[in-house]
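This is what each chain is made of:
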Amino acid sequence: MAEGNIIRLTGSLILGGSLFLTYEVLALKKSVTLDTQVVEREKMKSYIYVHTVPADKVESHGLAWQARKELHKAVRKMLAASARVLRSPFSDSFSTVDIEDHDCAVWLLLRKSREDTKASRLEAVREMSEAHHWHDYQYRIIAQACDPRTLIGLARSKESDRRFFLPPPPLPSLKEDSSTEEELRRLLASLPQTELDECLQYFTSLALSESSQSLAAQKGGLWCFGGNGLPYAESFGEVPSATVEMFCLEAIVKHSEIPSHCDHIEAGGGLQLLQRLFRLHKDCPTVQRSIMRIIGNMALNERLHPAIVRSGWVSMLADVLKSYHIMEASHAARALANLDRETVCEKYEDGVYVLHPQCRTSQPIKADVLFIHGLMGAAFKTWRQHDSERVLTESAEVDENRYTTCWPKTWLAKDCPALRIISVEYDTSLSDWRARCPMERKSIAFRSNELLSKLRAAGVGDRPVIWISHSMGGLLVKKMLLEASRNPELSTIINNTRGMIFYSVPHHGSRLAEYSVNIRYLLFPSLEVKELSKDSPALKALHDDFVEFAKDKNFQVLNFVETKPTFIGSMIKLHIVPVESADLGIGDLIPVDVNHLDICKPKTKDAFFVSTYSTVHL
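Residues numbered from 1 in each chain as written. Predicted model: local features only at pLDDT ≥ 70, side-chain atom pairs only at ≥ 80, totals over all residues. Heavy atoms only, no water.

Identification of the protein as Protein SERAC1 from Mesocricetus auratus is taken from an unreviewed UniProt entry. UniProt, in its Sequence similarities (unreviewed entry) section for the protein, records the words "Belongs to the SERAC1 family." (UniProt positions renumbered as here; feature names shortened; annotations may be inferred.)

Points about empty space enclosed by the protein
Tallied over the full model, the rule gives 2 cavities of 30 Å³ or more. Roughly 40 Å³ of internal volume is contained in the second largest cavity. In this structure, the second largest cavity is lined by S113, R121, L122, V125, R149, T150, E342 and R360. Taken together, the elements giving at least two residues each to the lining of the second largest cavity come down to α5 (118–129) and α7 (148–155). Among the elements that line the lining of the second largest cavity, the one with the most residues is α5, at 3 residues. Within the lining of the second largest cavity, the residues separate by chemical class into 2 nonpolar, 2 polar and 4 charged. (1 Å grid on protein atoms, 1.4 Å probe; cavity = no way out; pocket = protein on both sides within 12 Å on 5 of 7 lines; lining within 4 Å. Points joined across faces, edges and corners; volume = space filled by probe spheres on them. Helix = DSSP H or I, 4+ residues; strand = E, 2+ residues; numbered from the N terminus. Nonpolar A, V, L, I, M, F, W, Y, C, P; charged D, E, K, R; others polar.)

Looking at the environment of L490
Within the secondary structure, L490 sits in the loop between α21 (472–485) and α22 (491–496). Taking the C-alpha atoms as reference points, L490 and L452, separated by 38 residues in sequence, lie 9.2 Å from one another. If sequence neighbours within four positions are ignored, L490 has contacts with L452, R456 and A484. (Contact = heavy atoms within 4.5 Å.)

Observations concerning the sheet that holds strand β6 (residues 556–562)
Adjacent strands of a sheet pair through backbone hydrogen bonds, lying either parallel or antiparallel. Pairing within the open sheet is mixed, and its 7 strands lie in the order β1-β3-β2-β4-β5-β6-β9. Looking at which strands have only one partner, the edges of the open sheet turn out to be β1 (352–356) and β9 (588–592). Neighbour to neighbour, the strand axes of the sheet diverge by 20° on average, direction disregarded. Bridge count between strand β2 (residues 367–372) and strand β4 (residues 465–470): 5 bridges; the pairing is parallel. Looking across to β4, one finds that F371 is bridged to I468. Against the sheet, α21 contacts β2, β4 and β5 (497–503), and its axis sits at roughly 145° relative to β4. (Pairing = 2+ DSSP bridges. Axes fitted to C-alpha atoms, helices over the stretch in contact; angles between N-to-C directions.)

Details of unusual backbone geometry
Excluding glycine, most residues fall at negative phi; most peptide bonds, likewise, are trans. Note that the residue after H356, namely P357, is joined by a cis bond; omega there is -10°. Mapped onto the elements of the fold, P357 is located in the loop between β1 and β2. Its identity is not glycine, yet S471 carries a phi of approximately 55°, on the positive side. Mapped onto the fold, S471 is located in the loop between β4 and α21.

Section: the packing of aromatic side chains
Per the counting criterion, the structure on display carries 12 aromatic pairs. Ring geometry for W383 against W407: centres 6.2 Å apart, planes inclined by 85°, an arrangement best described as edge-to-face. You can see W383 sitting in the loop between β2 and α18 (394–398) and its partner W407 sitting in helix α19 (residues 407–415), a full 24 residues away along the chain. For the pair W383 and W407, a shared accessibility class is recorded, and that class is buried. On the basis of an interplanar angle of 10° and a centroid distance of 5.0 Å, the ring pair of Y503 and F560 is categorised as stacked. Here Y503, found in strand β5, pairs with F560, found in strand β6; they are 57 residues apart in sequence, far enough to count as distant. Each member of the aromatic cluster is reached from another via a ring pair, and the members are F371, W383, W407, Y503 and F560. (Phe/Tyr/Trp six-rings, centres within 6.5 Å; stacked < 30°, edge-to-face > 60°. Buried < 20%, exposed > 50% of the residue type's maximum accessible area, 1.4 Å probe, protein only.)

Remarks on the pattern of salt bridges
The tally for this structure, following the rule as stated, stands at 23 salt bridges. Between R149 and D147 there is a salt bridge, and its shortest N-O distance comes to 3.9 Å. For D147, a relative accessible area of 14% puts it in the buried group. In this structure, K479 and E483 form a salt bridge, with 3.5 Å as the shortest nitrogen-oxygen distance. Of this pair, K479 and E483 both sit in helix α21, separated by 4 residues, roughly a single helical turn. Residue K479 is classed as buried on the basis of its relative accessible area, which comes to 19%. Where salt bridges share partners, they join K479, E483, R486 and D545 into one cluster. (Salt bridge = Lys/Arg side-chain N within 4 Å of Asp/Glu carboxyl O.)

Focus: the side chain of S129
Examined against the element boundaries, S129 turns out to sit in helix α5. Taking relative accessible area as the criterion, S129 reaches 6% and is therefore assigned buried. Within the structure, S129 has its side chain in polar contact with the backbone oxygen of R126 (distance 2.7 Å). Discounting chain neighbours no more than four positions away, the residues touching S129 are L154, S157, E159, S160 and F164. (Polar contact = N/O pair within 3.5 Å; in protein donor to acceptor, adjacent residues only side chain to side chain.)

A closer look at the confidence of the model for the protein
Model confidence for the protein is summarised by a mean pLDDT of 79, while 69% of its residues fall at 70 or above. Note that pLDDT drops below 50 for residues 389–398; the model gives that stretch 10 contacts with residues more than four away or on any other chain. The low-confidence segment residues 517–524 (pLDDT under 50) makes 11 contacts with residues lying over four places distant or belonging to another chain. (pLDDT = per-residue confidence, 0-100.)

This is the structure we're talking about:
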């Protein structure tokens, strides 16, 4: 009988327990049943809900609520135990995330991207960038939950999906009765007046004076002579505003080269203001490139990285990096490389652009190839394909096999992917009348020391180096190598220099300098031009010293020289570098049936690269 009572009691308990568990499961299911359309809509949104309950609402809800709480706690303990068995795939900040099975990979990658091991972090970013089959909300999870290091890594990954990058935060509203031009002028006026060289003072005063005149005109305060000045102000149209903004940006670029001034730019809301200007001038590449120069200079200061990331600049730079416009993409690549302290040890100062590789790569870099332009040249336009071959169609912009605006980036990088290709930019002028900064008088010696410092910061000398230069750029290369040979700290540059290619370099002077002297009243030749005269003691000393220095080295040298005259303006026709001047006395001398400007602009890839490639492949 006692046994029967035990059986009945046990049966009742089992039945009661089963009914209770069934009730709890149904109640729990009912409480978590959601409209699936609502769920999908929420997944599309660019934020993650963090559900919280006010403390005053957490009260006792009776026996059923307490039992449910204990049940959930037991399940949590069981999951935690299994997680430990599986080596804790979720831990730290992700330990309480409630996820579906198909989202495990996303959160595991997020956890992996924060591991202490650098190799694991890099692998996580690579796997994220290769993910092209995820749902939209999964990319958004990464975008919102990843740390700045991962975000920058994704921005510098070639194949990363754009959905990894959230739109920049809303910009603050402009002050009443204000404009972007006034705000830019206000920012410039607030920057310190210390550590300014003559050119920076010139650019700042020019920008502020032009701003004052433009603002006065727009408000009817200039040249009124009794009237309201409105017709005069309206006659400016859009031109003065854009011009004034360029003057201001030019000055801020110079300020951003001074680390302490970058702090003031950030504190004055410069990151947001520059972003507003960037959007406003989306069809003006010159303005956008100046803005990216400033961001790239600010990114040299690691203390400003959090502010740059928070302001949304990483997302904007990631978009520009994918552009087929080489100049814009290269400016974005420089800024992102300066932000990426995970994989980039070097720092790329203003005027130093990496043409390849511009994204993270697993390809080992075996050598550096440096491109140094000459008088009136630039880091990109000097090295474009010959203009007569350009097909002016929309498809030509995309099809780089038909025309390239920068053959080192398009042709050389494609055929020699193991190279790091750097192009350098610096200001030059033929005449002091056309100088961007009238006070600037930079000799070849000054420029070479300036460039040498920037190139060393970029890691030049850590691996084999090949120098490629045009015109006066070749004189800079020779001067840099001589300076490096006299400085033990720069000995690696000399030891790793393998070869040089000179395009119409006036080793013994240029006729341009002679012609300028004869019509000095017209040209007012700049210091750069004066140094190119045949009777220049500095030029002769540079040549003699370099030949003496190089004779004991095993440098491979290739010299190209023009055979056609060059038009300077519409009236002057001049053979700028004659054959005898381009002969260094070391290496081969190859005459080319082109003028001085086209000597480094090949018509086709095949016709040009036979000799060049033989030197680069050394």
